[in-house]
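Close look at the chain arrangement
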Amino acid sequence: MQFLRTRHGSPHYKWWVLSCTSLGMLLATINSGTLIIALPDLERSLHTTLLQLVWVILVYMIVSTVLVLTAGRLSDLFGRKHAYVLGFLIFSIASLGAGFAENGTQLIGWRIVQGVGGAFLFANAAALVTDVFPRRELGLAMGTNTMVAAVGLVIGPVLGGALVAIAWPWVFWFNVPVGLAGCVWGWLVLEERSGRSDEHGLDLAGVATYVVGLTGLVFALSKGGLTGWSNPFVIGGLVAAAVLLPLFVLIERRGSAPMLDLELFRNRLFAAASAAAFMNGLARFALMFLFVFYFQGPQGASPILAGLELAPLAIGMLVASPLAGIAADRRGSRGLAALGMLVTAIGLAGMTTLQAHTAYVWSALWLLLVGVGSGMFNSPNTAAMMGVVPVHRRGVAAGARVMLQNTGAVISIAFVMAIVTSAVPTDVLFKIFSGLTSGLSSEQLQPFITNMHLALWVLAGVSLLGAGISMLRPAHVRPVGHVERQQQQQQQQEATA
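Rules used throughout
- Residues numbered from 1 in each chain as written.
- Predicted model: local features only at pLDDT ≥ 70, side-chain atom pairs only at ≥ 80, totals over all residues.
- Heavy atoms only, no water.
- Helix = DSSP H or I, 4+ residues; strand = E, 2+ residues; numbered from the N terminus.
- Contact = heavy atoms within 4.5 Å.
- Areas by Shrake-Rupley, 256 points an atom, 1.4 Å probe, with all protein chains shown as cover.
- Axes fitted to C-alpha atoms, helices over the stretch in contact; angles between N-to-C directions.
- Parallel < 35°, antiparallel > 145°, perpendicular 65-115°, else oblique.
- Left-handed = near helix turned anticlockwise from the far one by under 90°.
- Buried < 20%, exposed > 50% of the residue type's maximum accessible area, 1.4 Å probe, protein only.
- Phe/Tyr/Trp six-rings, centres within 6.5 Å; stacked < 30°, edge-to-face > 60°.
- Lys NZ or Arg CZ within 6 Å of the ring centre and 35° of its normal.

Of the regular secondary structure elements, the protein holds 20 helices and zero strands. The long-range share in the protein, meaning contacts at least 24 apart out of those at least 6 apart in sequence, stands at 86%. A total accessible area of about 19,000 Å² is found for the protein, and carbon and sulfur atoms account for 68% of it.

Closest axis-to-axis distance for the helix H2 (residues 13-46)/helix H8 (residues 175-189) pair is 10 Å, and the angle between their directions is 160°. Taken together, H2 and H8 sit at an angle that is classed as roughly antiparallel. As for the relative orientation of H2 and H8, their crossing is left-handed in sense. Contact residues: Tyr13, Trp16, Val17, Ser19, Cys20, Leu23, Leu27 and Asn31 in H2; Asn175, Val178, Gly179, Ala181, Gly182, Trp185, Gly186 and Val189 in H8.

Moving on, we get to the environment of leucine 369. The residue leucine 369 is located in helix H16 (residues 360-386) in this model. Residue classification places leucine 369 among the partly exposed residues on the basis of a relative accessible area of 26%. When the C-alpha atoms of leucine 369 and glycine 316 are compared, they prove to be 6.7 Å apart, with 53 residues separating the residues in sequence. Apart from residues no more than four positions distant in its own chain, leucine 369 is found in contact with Val343, Ile346 and Gly347.

What follows deals with the packing of aromatic side chains. Here the structure, examined in full by the defined rule, presents 15 aromatic pairs. Taking the centre distance of 5.1 Å and the plane angle of 85° together, the rings of tryptophan 15 and phenylalanine 133 count as edge-to-face. Here the residue tryptophan 15 occupies a position in helix H2, and phenylalanine 133 occupies one in the loop between helix H5 (104-132) and helix H6 (138-166), the gap between them amounting to 118 residues. Judged by relative accessible area, which is 38%, tryptophan 15 ranks as partly exposed. Taken together, a centroid distance of 5.4 Å and an interplanar angle of 65° make the contact between phenylalanine 291 and tyrosine 294 edge-to-face. Highlighted residues: phenylalanine 291 and tyrosine 294, both in helix H12 (residues 286-296), separated by three residues, approximately one helical turn. For the residue pair phenylalanine 291 and tyrosine 294, the accessibility class agrees, reading buried in each case. Its end group placed over the ring of tryptophan 187, lysine 81 keeps NZ or CZ at 4.7 Å from the ring centre.

Have a look at this one:
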């Protein structure tokens with residue numbers, strides 16, 4: 001235990017912090033990958049409806065998205081170490097319970113609890129890293145976290161295919177030892193270095209309006225393609241979103257302790273980078289969800305093979321993220337982030353050439369390109385955002401970043417779901433989403449493929465818009481290094497002598 005007592009205050013402490021936040025990123029991305037690849041098996045085992053199957057993914061994202069700002073504020077008030085460790089603990093308990101779910105409704109309930117734990121992890125990871133890394137190394141640190149996330153994305157689908165072969169509960173139970181290890185590691189390694197915010201109180205009105213408004217929007221989008229847009233519940237969800245989401249902004253502007261600190265967006269760099277993060281989530285996140293069903297449905301792949309076939313997306317992120325972080329530290333992040341979104345758009349557009357029985361090499365090429373684009377965008381954009389925020393506001397700033405990106409991701413899945421399921425016969429849809437399409441002809445599969453192409457064109461357009469937004473923020477100013485600071489100080493001393 002001696003090294004744990006001596007690591008505090010050492011120049012290497014920042015790397016211990018990075019190891020802890022990277023473990024959290026690894027847990028989150030492995031869980032995402034294993035669960036997505038298991039969706040067809042869950043549909044067969046738990047006899048879920050198609051809407052329930054989609055909401056197993058969406059409800060976790062909504063809860064973690066809505067609560068991430070509240071978690072960020074709590075960490076600013078009471079300390080990031082305790083909040084981060086609590087996130088690991090809640091996530092582990094919820095994962096254990098999810099494996100015992102007997103139907104889709106119970107599983108959705110446990111996913112809600114998982115979302116609470118995820119909110120505490122997401123809200124504090126970037127803030128913990130920003131607290132201890134100098135700004136000139138922040139891109140490298142964020143790139144390392146993104147690289148670890150990409151490793152999780154590589155491992156997750158393949159591991160999910162193997163765990164499903166044992167039994168679907170192991171998709172959740174696998175998270176338990178990883179989460180408990182993170183809990184112990186965080187408690188031993190982390191220390192409180194952040195300043196405490198003087199602002200107290202929680203914005204319950206803001207949380208309530210945002211959760212109901214966002215849930216209404218996502219529910220309407222995901223259900224509209226299945227039941228038609230004239231369905232009363234679809235109309236009700238759209239009305240709730242149209243009323244409550246603008247009301248949320250009004251509450252945040254006038255509240256004494258707002259959930260979303262709109263003052264952060266007075267900084268042009270933070271505002272433009274946040275908007276680009278939202279567009280990136282909207283453009284990219286539904287892709288893995290869509291291709292799981294493309295590979296296991298029209299392509300007829302097994303779960304473990306489908307997991308392997310998704311690997312190029314994560315490999316592209318794995319290679320590009322740390323390189324982009326280093327490049328951003330040296331040469332600036334604005335052009336690099338915009339180029340990443342442009343590369344992503346090209347990859348998404350290329351995917352519209354895929355058909356039901358296209359050779360896998362083409363899917364691999366376009367997935368790799370999207371992964372490279374995502375890696376080029378994420379770490380420079382995150383480092384630029386977090387580098388302009390005061391220390392005592394980094395918890396809520398990190399929460400704002402995750403909230404906007406995850407809001408884009410939630411809407412992305414619901415929107416793609418609405419397009420893909422529209423005008424496709426119900427029996428064909430269930431066979432595709434269950435991975436049981438061996439008896440379907442190319443003509444029966446064609447409506448799904450056509451709708452998939454339409455969704456991909458829309459996502460490519462969103463990514464192009466995100467590239468334009470990235471260019472709206474100020475040019476990155478390279479942080480002054482240690483040697484340069486010494487030279488400046490020496491020049492000032494000579495000038496005053």
